[in-house]
Amino acid sequence: MGSTLTRALRSVTAAACLSWLAVAGAQSPAVNATEAAQAKQQAAQQVAQPLNNQPVWNEVRSGEPQYTSTRGRETNVLIEPMGQTWRAARVPVATVGGFVFVLTLLAIAALYVLRGPIKTSGAPTGRMIERFTLVERSVHWGVAITFVALAVTGLVVTFGKSVLLPIIGYTLFSWLATLSKTVHNFVGPVLVVLLPIMIVLFLRENLFRGHDFAWLKKAGGMLSGEHVPAGKANAGQKILFWVMVVALGLTLCVTGLILDFPNFNQTRQTMQLANMVHLVAGIGATILLAGHIYLGTIGMKGALDAMRTGYVDETWAKEHHLYWYNEVKAGKGGSAHASPLPTPQRAG
């Protein structure tokens with residue numbers, strides 16, 4: 001009996017000692033001066049302002065890597081501080097871009113009302129010249145369709161919450177926003193494939209030549225109505241090619257891939273930067289696209305036929321692209337594929 005009681009007392013004493021050591025260890029001072037200062041500051045903060053964890057959250061928001069057992073890029077960063085900067089900068093940039101886009105549409109409408117469509121001064125001859133091959137037209141329409149789909153869905157994703165939601169309501173807008181996001185994400189890679197092909201096909205005819213500067217001085221006769229001589233592509237079309245197709249188009253492809261495939265293991269800051277660049281390039285390309293669609297459809301008579309059938313009337317070629325017309329008539333290699341068709345014969 002006595003020995004049993006003795007063993008029990010020893011066990012209780014050992015447990016008490018271990019508990020005291022654990023408590024003492026948990027309350028032991030920090031291992032270095034920095035941690036000691038932080039612990040002291042936090043203790044004082046809890047006395048002055050109980051439950052105020054500002055020092056803790058300051059450290060969390062600092063973006064400094066901490067310890068985590070999950071492997072991967074930035075898995076040890078709980079909050080990326082540049083995210084707030086991205087959120088604050090994105091709204092005004094998108095707002096300015098939206099107003100510029102609306103002003104562009106108004107300017108195009110005013111130009112059509114005041115100037116009207118660009119026409120040829122001479123009568124059609126009926127003799128047709130091939131302007132674009134089947135391959136060129138197929139690639140162009142492929143890029144055009146994907147570009148328009150991306151532009152429209154991009155506008156919905158960017159401005160829909162502010163513009164469409166108050167008009168069509170939450171239910172319809174949620175469907176439209178989800179559809180736009182899905183279309184945008186899946187059509188984007190199609191543009192990545194088609195755009196380089198288009199650049200290669202149309203690169204040669206969009207190289208600048210000496211007569212392009214004369215065309216620019218007269219603004220292509222847009223205001224005066226004068227038919228300024230040009231090559232197969234005039235200076236305005238060449239600027240559009242290099243700015244919208246090459247510069248902005250390739251920028252959209254690269255940034256779009258970064259945003260579309262986060263499994264590339266890029267950082268959150270890279271995604272934020274790509275989003276801002278994608279936003280600016282997308283709005284710029286959409287503005288230029290609006291002008292290109294106008295001039296390629298109702299803004300110039302005969303322009304749509306060139307990309308729809310591949311052929312233009314001889315009068316149209318002579319008045320709008322005189323240097324190219326002369327090359328075709330001379331049979332030069334620069335436009336070897338463009339050959340005049342025989343004049344249609346009337347029956348009877």
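Remember, predicted model here, so these are calculated numbers, not experimental data. (Residues numbered from 1 in each chain as written. Predicted model: local features only at pLDDT ≥ 70, side-chain atom pairs only at ≥ 80, totals over all residues. Heavy atoms only, no water.)

1. Some words on the overall build of the protein
To keep things clear, this is the line we draw: Think of it this way: any DSSP run of H or I at least four residues long counts as a helix, any run of E at least two long counts as a strand, and we number them from the N terminus. Whether two residues are in contact is decided by their heavy atoms: any pair within 4.5 Å suffices. Reported accessibility uses the Shrake-Rupley method at a 1.4 Å probe radius. Residues are deemed covered only where the shown protein chains occlude them.
Looking only at helices and strands, one finds twelve helices and two strands in the protein. Scanning the protein from its N terminus toward the C terminus, one meets helices and strands in the order α-α-α-α-β-α-α-α-α-α-α-β-α-α. Counted over contacts in the protein with a minimum sequence separation of 6, partners at least 24 positions apart contribute 73%. When the accessible surface of the protein is split by element, carbon and sulfur atoms take 67% of a total near 21,700 Å².

2. A look at the pattern of salt bridges
For side chains bearing opposite charge, pairing can occur when the charged atoms are close. What counts, and what does not: Every case where a carboxyl oxygen of Asp or Glu lies within 4 Å of a side-chain nitrogen of Lys or Arg is listed as a salt bridge. Remark: exposure states derive from per-residue accessible area (1.4 Å probe, protein chains only) relative to the maximum for the residue type, with buried under 20%, exposed over 50%, and partly exposed in between.
Counted according to the given criterion, the structure contains six salt bridges. In this structure, Glu327 and Arg209 form a salt bridge, with 3.0 Å as the shortest nitrogen-oxygen distance. With Glu327 in helix H12 (residues 322-330) and Arg209 in the loop between helix H6 (165-202) and helix H7 (211-217), the pair connects residues that are 118 residues apart, well separated along the chain. Using a relative accessible area of 18% as the deciding quantity, one classes Glu327 as buried. Residue class for Arg209 comes out partly exposed when judged on its relative accessible area of 43%. Here Arg308 makes a salt bridge to Asp305, at a shortest N to O gap of 2.9 Å. Highlighted residues: Arg308 and Asp305, both in helix H10 (residues 303-308), separated by three residues, approximately one helical turn.

3. Quick notes on the packing of H6 against helix H8 (residues 235-260)
The criterion, for reference: Here the axes come from fitting lines to C-alpha atoms, over the contacting stretch only for helices, and the angles between their N-to-C directions go from 0 to 180 degrees. What makes a crossing left-handed is the near helix being turned counterclockwise from the far one by less than a right angle; a clockwise turn instead makes it right-handed. Each residue is assigned to one class: nonpolar for Ala, Val, Leu, Ile, Met, Phe, Trp, Tyr, Cys and Pro, charged for Asp, Glu, Lys and Arg, and polar for all the others, Gly among them.
Packing of H6 against H8 leaves a shortest axis separation of 10 Å and a crossing angle of 145°. Relative to H8, the crossing made by H6 is left-handed. Counted together, Asn185, Pro189, Leu191, Val192, Leu195, Met198, Ile199 and Phe202 of H6 and Phe241, Val245, Val246, Gly249, Leu250, Cys253, Leu257 and Asp260 of H8 form the full contact between these two elements. Tallied by class, residues from the contact of H6 with H8 come to 13 nonpolar, two polar and one charged.

4. Thoughts on the layout of surface pockets
Stated precisely, the cut-off is as follows: In this analysis, the protein atoms alone were mapped onto a 1 Å grid. Cavities are point sets where a 1.4 Å probe fits without being able to get out; pockets are open sets with protein on both sides within 12 Å along at least five of seven lines; lining residues have an atom within 4 Å of a point. Grid points are joined across faces, edges and corners, and a volume is the space filled by probe spheres set on the points.
In this structure, the second largest pocket spans a volume of roughly 790 Å³. In this structure, the second largest pocket is lined by 32 residues; those nearest its centre are Leu150, Gly154, His184, Leu259 and His278. Broken down by secondary-structure element, the contributors of at least two residues to the lining of the second largest pocket are helix H4 (82-115), helix H5 (134-163), H6, H8 and helix H9 (268-296). In terms of residues, the lining of the second largest pocket owes the most to one element, H5, which gives nine residues. Grouping the constituent residues of the lining of the second largest pocket by class yields 18 nonpolar, eleven polar and three charged.

5. Details of the confidence of the model for the protein
This is how it is decided: How sure the predictor is of each residue is captured by pLDDT, a score from 0 to 100.
Averaged over all residues, the pLDDT of the protein is 83; the fraction at 70 or higher stands at 76%. Residue range residues 20-26 is modelled with pLDDT below 50. Its contacts to residues more than four positions away, or to other chains, number zero contacts. Low pLDDT (under 50) marks residues 333-348, which in the prediction has 24 contacts with non-local residues, meaning those over four places away or in another chain.

6. Comments concerning the nonpolar core
Applied cut-off: Buried residues of nine kinds, namely Ala, Val, Leu, Ile, Met, Phe, Trp, Tyr and Cys, make up a nonpolar core once their side-chain atoms join them within 4.5 Å.
By size, the foremost hydrophobic cluster in this structure holds 35 residues, and its most contacted members are Val143, Phe147, Leu191, Leu195 and Met244. Listing elements by their share of this core, those giving two or more residues are H5, H6, H8, H9, H10, helix H11 (314-320) and H12. The leading source of residues in this core is H8, at eight residues. Beyond its immediate sequence surroundings of up to four residues, Leu191 is in contact with Val143, Thr146, Phe147, Leu150, Pro196 and Cys253.

7. Comments concerning the packing of aromatic side chains
For clarity, the cut-off: The rule is short: rings of Phe, Tyr and Trp, with Trp giving its six-membered ring, pair when the centres are within 6.5 Å, and they are stacked under 30 degrees, edge-to-face over 60, tilted in between. Any Lys NZ or Arg CZ that is within 6 Å of a ring centre and within 35 degrees of that ring's normal is treated as a charge sitting over the ring.
Considering all chains together, one arrives at four aromatic pairs under this definition. Aromatic side chains Phe261 and Phe264 sit 5.6 Å apart centroid to centroid with 20° between the ring planes, which places their arrangement in the stacked category. The ring of Trp324 carries Arg131 above its face, with NZ or CZ at 5.0 Å from the centroid.

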